[in-house]
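Examining the three-dimensional arrangement
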Amino acid sequence: MDCDLDNLDAAGFLQIWQHFDADDNGYIEGKELDAFFRHMMTKLRPGDNVTEEKVQQLKARFMSAYDVTADGRLQIQELANMILPEDENFLLVFRREAPLDNSVEFMKIWRKYDADSSGYISAVELKSFLQDLFQHHKKELSSSKLEEYTDTMMNIFDKNKDGRLDLNDLARILALQENFLLQFKMDANTLLERKRDFEKIFAHYDVSKTGALEGPEVDGFVKDMMELVRPSISGSELDQFRKVLLRHCDINKDGKIQKNELALCLGMKLKP
């Protein structure tokens, strides 16, 4: 590695990330982690005798401070917070007071920036997303920096290198929390428990509190439902599943799924 840890920019950070995330799984862990801290020690203390003990001490100190998820590995935002100066930490704009834990909010973002409804977010659409995000955080950004950050994000998160982001790529960028439906095991519950679970589930996706799921609320529910069966779905697949759900559950054909319609669709009787 010839990239110094001082005065890093987005391109330099990308170089470090790609070097140490050797298996491209979105984390620096295990031997990758030891190699990173060994490299970091040589940069921080040039000329010092780098021993395994010193590496492990440095690793323990930094991990206790920056491993926010306490999983023994570094996510990209954790690494950025560790080594990027604040004025260059473009990933800071993704830090939230509360995590993005609802697929409905995620789908609102997806629908807005998949402007051509292609089922993917192109580099141009990603640039628009980043520009809006920086403006929301009241951060001034030159056009060259916006280009650099867009290229960096695309390089980091475009896993299949096709020049566009899918649903799962954006979920990684926005640190979307675990699928809400994973906490429920409806087939293993009693009827009373299933009714209680249904109420919790509907309330979670009925973000607008109208008593009906519509727009991104349907999208969020479909996304989480399908990902119980398949680990990941594409934007075009989500659109297909959405049409199927509406065809089967939207009894009055108003483009929404009323609470009683979803209950019927799931074989649930709301009234005793």
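Every value quoted in this text rests on a predicted model; they were computed, and no experiment measured them.

The rules we used
Residues numbered from 1 in each chain as written. Predicted model: local features only at pLDDT ≥ 70, side-chain atom pairs only at ≥ 80, totals over all residues. Heavy atoms only, no water. Salt bridge = Lys/Arg side-chain N within 4 Å of Asp/Glu carboxyl O. Helix = DSSP H or I, 4+ residues; strand = E, 2+ residues; numbered from the N terminus. Buried < 20%, exposed > 50% of the residue type's maximum accessible area, 1.4 Å probe, protein only.

Overview of the pattern of salt bridges
Within this structure, the stated rule accounts for 15 salt bridges. Of the charged contacts, one joins E105 and K108 as a salt bridge, the two residues approaching to 3.6 Å between their closest N and O atoms. Of this pair, E105 and K108 both sit in helix α5 (residues 103–113), 3 residues apart, which is roughly one turn of the helix. A relative accessible area of 31% means that E105 is categorised as partly exposed. Notably, a salt bridge pairs E214 with K256, separated by 4.0 Å at the nearest N-O pair. On the criterion of sequence distance, the pair formed by E214 in the loop between β5 (212–213) and α10 (216–229) and K256 in the loop between α11 (235–249) and β6 (257–258) is long-range, its members being 42 residues apart. Residue E214 is classed as partly exposed on the basis of its relative accessible area, which comes to 30%. One salt-bridge network, held together by shared partners, links R111, D219, D239 and R242.

Focus on unusual backbone geometry
The phi dihedral of K161 falls on the positive side, at around 55°, and the residue is not glycine. Inspection of the secondary structure assignment puts K161 in the loop between α7 (143–157) and β4 (164–165). With phi around 55°, K209 is a residue other than glycine that occupies positive phi space. For K209, the location among the structural elements is in the loop between α9 (191–205) and β5. On the basis of relative accessibility, which here comes to 58%, the residue K209 falls in the exposed class.

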